[in-house]
Amino acid sequence: EAGVNHGGDLAQAKRLVDAARAAGADAVKFQAFKAARLILPGVEKAPYQKENSGATESQYDMLKRLEMPVAAQGKLQAYCARRGMIYLTTPFDEGSLDELDALDLPAYKIASTDLSNLPFLASVAQRRKPVLLSTGMSFLPEVELALEVIAKHTADVVLLQCTTNYPAVDEEANLAVLETFRRTFGVLVGYSDHTENTGAAPFAVPLGACVIEKHLTLDRSLPGPDHRASLEPEGFAELVRMVRRAEMFLGSPQKIPTLAESVTRQSLQKYIVAARRIKAGDLFARTNLTTMRTGGTGISAIYYSRLLGRKAARNYEAGAVVRDAPREWELKEPECLRKEGM
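What this report covers is the structure whose coordinates are included nearby. (Residues numbered from 1 in each chain as written. Predicted model: local features only at pLDDT ≥ 70, side-chain atom pairs only at ≥ 80, totals over all residues. Heavy atoms only, no water.)

### Remarks on the environment of Leu 308
Thinking step 1. Tracing the chain through its elements places Leu 308 in the loop between helix 13 (304-307) and helix 14 (335-339).
Thinking step 2. It is 7.2 Å that separates the C-alpha atoms of Leu 308 and Arg 286, two residues lying 22 residues apart in sequence.
Thinking step 3. Sequence-distant contacts of Leu 308, that is, excluding residues within four places in its chain, are made with Phe 284, Ala 285, Arg 286 and Leu 289. (Helix = DSSP H or I, 4+ residues; strand = E, 2+ residues; numbered from the N terminus. Contact = heavy atoms within 4.5 Å.)

Okay, here's the thing in C-alpha cells:
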C-alpha cells in the first residue's frame, strides 16, 4: 500500500514501486480521488491525521495536496508493468472510478470509508472485477449488506479485516475476525494491517489471509497522514520474508507423511515382534507379543488388536518380527483401517 505516501509527486511514487518490488511484494496500490468530490471544505482531520500531520489545515486541504491524477496513475500502471508488478488503486469517488475505467484494472480495492457507501459499492461491482473490501470501522451487519450489494454483480470478493487507525494498537488488530468472516460469509479473507513495525500481518496468514496489505514509505519522518503507520523499505522486506515463511510453514492441508518422514517413519514407528517363543498353531496373545522398532519390516503396531486370537502359521523365536498377516496389513498407509472405521 503506497497510498498517498508519494505526497503528490510522481517520481516519488515510482520510487515506492521500486521499493515494493525490491522487497518482494506482488502488487503495489495507490489511491485515486479528487478532494472536491470526496470531502466538504472545512471538515477537520481525523484524530490520527491531526497527530501524524498537524491540525492547522483542514482534511480537504491535506487531501488536495495528495491527489494523483488518473493520467499520472496511468503512467504508474505502465511503470509497474515494466517492473513486473501488479498495479492497483483505490477509487474514492464516482468521478475517479469512471476515469479509472480506461486503465482496465485487474481488481478494485475499496477502502473502509466506503464499506457503508452502498451506491458506490454498486458502481464498483458493476465493473465486474474482483473486489478487495476493507472493513475497518464497521459492524458485521454492515459487512453483510455490502456483500449483498457486491454479490449482485460479482462473486469475486476478498474481505479484509482492518482497524482504521494509523497506527493501530496491537490489542485492536482482532485477527480472530478473519475466522468470523470465513464462517459467516464463506469468502476469501485478507488483512489490511495498520499495526506498527511488521506487526500483526504475518500472523494473519495461518488464519487464512490470502491477501496482506501494509503501508510502505521511503521515510517514516516525511510529512503526511500515513507515514507513521508505514514500513520503510528494509522493514517492508522483512515483512514479506515473514509472510512468505508463514506460507511455507502452512504447507499442505493433507495429513500424510512428508517426503522426509517417509524414511524416518520406517526407522521410528513400531511393528509387532514376538515377546517370547511362539510355536506354529499357538494363538497370538498379549502375553507373547510386543511392539518394537524393526527398521520398517513386519506388521505395523496399528494392527496389534487384529492379530490377537489368530493362529501363528510358523514358529517364532523371541525378538523375531511377526509376519502372519494378510498382505494389506503391510501397507505403509493403512487404508483398510480407515475404510473399516478403526
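Next comes the rest of the write-up.
### A look at the packing of helix 7 (residues 118-125) against helix 8 (residues 140-151)
Thinking step 1. Two elements in contact, helix 7 and helix 8, have axes separated by 8 Å at closest approach and are oriented at 35 degrees. Relative to helix 8, helix 7 is oriented so that their crossing is right-handed. Contacts from Leu 118, Leu 121, Ala 122 and Ala 125 of helix 7 reach helix 8 at Leu 145, Ala 146, Val 149 and Ile 150.
Thinking step 2. Its residues assigned to classes, the contact of helix 7 with helix 8 comprises eight nonpolar, no polar and no charged. (Axes fitted to C-alpha atoms, helices over the stretch in contact; angles between N-to-C directions. Left-handed = near helix turned anticlockwise from the far one by under 90°. Nonpolar A, V, L, I, M, F, W, Y, C, P; charged D, E, K, R; others polar.)

### A few points about the environment of Val 149
Thinking step 1. Relative to the helices and strands, Val 149 resides in helix 8.
Thinking step 2. Counting along the chain gives 20 residues from Val 149 to Lys 129, while the straight-line C-alpha distance between them is 14 Å.
Thinking step 3. Apart from the residues lying within four places of it in its own chain, the contact partners of Val 149 are Leu 118, Leu 121 and Ala 122.

### What about the layout of surface pockets?
Thinking step 1. Volume-wise, the largest pocket comes out at about 750 Å³.
Thinking step 2. Along its surface, the largest pocket is lined by 33 residues, and Asp 26, Ala 27, Val 211, Ile 212 and Glu 213 are the ones closest to its centre.
Thinking step 3. Taken together, the elements giving at least two residues each to the lining of the largest pocket come down to strand 1 (27-32), strand 2 (86-91), strand 4 (131-134), strand 5 (157-162), strand 7 (209-214) and helix 11 (233-250).
Thinking step 4. Its residues assigned to classes, the lining of the largest pocket shows 24 nonpolar, no polar and nine charged.
Thinking step 5. Here the second largest pocket defines a volume of roughly 640 Å³.
Thinking step 6. If you trace the second largest pocket, you find 35 residues lining it, with Tyr 48, Phe 92, Ala 111, Thr 113 and Tyr 166 closest to the centre.
Thinking step 7. Elements supplying a minimum of two residues to the lining of the second largest pocket: strand 1, helix 3 (47-53) and helix 4 (59-65).
Thinking step 8. It is helix 4 that contributes the most residues to the lining of the second largest pocket, three residues altogether. (1 Å grid on protein atoms, 1.4 Å probe; cavity = no way out; pocket = protein on both sides within 12 Å on 5 of 7 lines; lining within 4 Å. Points joined across faces, edges and corners; volume = space filled by probe spheres on them.)

### A closer look at the packing of helix 8 against helix 9 (residues 177-185)
Thinking step 1. Here helix 8 crosses helix 9 at 50 degrees, and the two axes come no closer than 12 Å. It follows from the interaxial angle that helix 8 and helix 9 lie oblique. Handedness of the crossing formed by helix 8 with helix 9: right-handed. Contact residues: Leu 140, Val 143, Glu 144 and Leu 147 in helix 8; Thr 180, Phe 181, Thr 184 and Phe 185 in helix 9. (Parallel < 35°, antiparallel > 145°, perpendicular 65-115°, else oblique.)

### Considering the side chain of Ser 123
Thinking step 1. With respect to the secondary-structure elements, Ser 123 resides in helix 7.
Thinking step 2. Classification of Ser 123 by relative accessible area gives buried; the value is 13%.
Thinking step 3. Of the polar contacts made by the side chain of Ser 123, one reaches the side chain of Glu 94; its length is 3.0 Å.
Thinking step 4. The residues contacting Ser 123, other than those within four sequence positions of it, are Glu 94 and Leu 97. (Buried < 20%, exposed > 50% of the residue type's maximum accessible area, 1.4 Å probe, protein only. Polar contact = N/O pair within 3.5 Å; in protein donor to acceptor, adjacent residues only side chain to side chain.)

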